[in-house]
Each structure stands twice: as C-alpha cells, then as structure tokens.
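# Overview (structure and organization)
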Amino acid sequence: MTFLNYIRDIQDPEHPYTLEELKVVTEDSIEVNDKKSHVSVTFTPTVEHCSLATTIGLCLRVKLMRSLPSRYKDFAGEYTDVTLVWSEHFMVDIRVAPGTHATEAAVNKQLNDKERVAAALENPNLMYMIDRCLEPTDYY
C-alpha cells in the first residue's frame, strides 16, 4: 500500500472531486522515510488564491494522523497509537508546493505548527468541514 492510498479519497472542500482527481496530491508529491517515521506531503492548490488551502492541508494531516500504522513511536520510544499522539518521532510535514499559492509561507506555517493545528482542530465548524471531506465516497 502506498501513502497515496491513505489520502487519495479526500474530497475537495469546494468541488465534487477528490484531491487526487484534481491533481492536488499525486504519488510524486509524497515522500516517505520509513527509518525516521517521516512523511512529507506537498500539495498543489487548484488556484493561486485558494481560500481553503489551509483546510485542505488540515484534511491531509488529520487523515494521516487517523490512518498511519501504529509502528510509529512516541517521545519515550514506546510503540503507541498515533491517532492521538503528535511527537518528534511521528513526523508529518504538509506543505503547499513552492510557487503555487499566494500566501504559501503563511499556509505552511499554520500546517506545521502543532499549537496552531491543535487550536484549529478544536473549532467544531472546521472539524465538521474536515470530517465531510474525509467521508468515504460511494463511486469507487
């Protein structure tokens, strides 16, 4: 199973298509380092001024946090359930592809700062939108 399989069915928040169908994420946009338990996903918004780029990035992060195998380690080096843990050993980088978004630096900062992500995920309206994007599709 490739890492694209974990995220390929995420729905775009504005369009009736998946992120893969819109070429927002591709196999080439995912880098995995198994030895370091590190995953890097670079996504390409459909337009340079996409107002939901941060939401798309949060969808990617949440889906990976919920899906990654439990072999990833926590701070103490113990094996743990990664759906609830954010640690230095469980490393997921989500980034906008360079030059593809007007506020690329701000979006990247939001998506990779654990306090900002935690605060965003406490917002019930945002979590509702994310959960809607992560719902399974019926057309496969």
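This report concerns the structure included in the present document. (Residues numbered from 1 in each chain as written. Predicted model: local features only at pLDDT ≥ 70, side-chain atom pairs only at ≥ 80, totals over all residues. Heavy atoms only, no water.)

Right, let's talk about the packing of aromatic side chains for a bit. Evaluated as defined, the whole model comprises 1 aromatic pair. Residues phenylalanine 3 and tyrosine 6 carry aromatic rings whose centres are separated by 5.3 Å and whose planes lie at 65° to one another, so their mutual orientation is edge-to-face. Of this pair, phenylalanine 3 and tyrosine 6 both sit in helix 1 (residues 3–7), 3 residues apart, which is roughly one turn of that helix. Look at tyrosine 6 and you get buried, because its relative accessible area is 15%. (Phe/Tyr/Trp six-rings, centres within 6.5 Å; stacked < 30°, edge-to-face > 60°. Helix = DSSP H or I, 4+ residues; strand = E, 2+ residues; numbered from the N terminus. Buried < 20%, exposed > 50% of the residue type's maximum accessible area, 1.4 Å probe, protein only.)

Interaxial distance between helix 2 (residues 53–67) and helix 3 (residues 104–111) falls to 10 Å at its minimum, and their mutual angle equals 30°. Judged by the angle between their axes, helix 2 and helix 3 are roughly parallel. In this structure, helix 2 meets helix 3 at a crossing whose hand is right-handed. Residue-level contacts link Ala53, Thr54, Gly57, Leu58 and Arg61 of helix 2 to Val107, Gln110 and Leu111 of helix 3. Looking at side-chain class alone, the contact of helix 2 with helix 3 contains 4 nonpolar, 3 polar and 1 charged residues. (Axes fitted to C-alpha atoms, helices over the stretch in contact; angles between N-to-C directions. Parallel < 35°, antiparallel > 145°, perpendicular 65-115°, else oblique. Left-handed = near helix turned anticlockwise from the far one by under 90°. Contact = heavy atoms within 4.5 Å. Nonpolar A, V, L, I, M, F, W, Y, C, P; charged D, E, K, R; others polar.)

Time to look at helix 5 (residues 124–134). Taken as a whole, helix 5 has its buried residues at Leu126, Met127, Ile130, Cys133 and Leu134. Seen end-on, helix 5 carries its buried residues on one side only, within an arc spanning 120°. Turned more than 90 degrees from where helix 5 packs its buried face, Pro124, Asn125 and Tyr128 sit exposed. The distance from a side-chain oxygen at the start of helix 5 to the backbone nitrogen of asparagine 125 is 2.8 Å, and the residue carrying that oxygen is asparagine 123. (Arc of directions from axis to C-beta. Polar contact = N/O pair within 3.5 Å; in protein donor to acceptor, adjacent residues only side chain to side chain.)

Time to look at helix 2. Its 15 residues place the ends of helix 2 21 Å apart at the C-alpha level, agreeing with the 21 Å of an ideal helix rising 1.5 Å per residue. In this fold, the buried residues of helix 2 make contact with helix 1, strand 2 (38–43), strand 3 (91–96), helix 3, helix 4 (114–121) and helix 5. (Expected span 1.5 Å × (residues − 1).)

Side chains carrying opposite charge are able to pair once their charged atoms draw close together. Scanning the entire structure with this criterion turns up 4 salt bridges. A salt bridge links lysine 63 to aspartate 9; the shortest N-O distance between them is 3.6 Å. In this pair, lysine 63 is assigned in helix 2 and aspartate 9 in the loop between helix 1 and strand 1 (30–33), connecting sequence segments 54 residues apart. Here arginine 66 and aspartate 131 are joined by a salt bridge, their closest N and O atoms 2.9 Å apart. Of this pair, arginine 66 sits in helix 2 while aspartate 131 sits in helix 5, and the two are 65 residues apart along the sequence. (Salt bridge = Lys/Arg side-chain N within 4 Å of Asp/Glu carboxyl O.)

It is worth stressing that arrangement in space is one thing and function is another; only the former is reported here.
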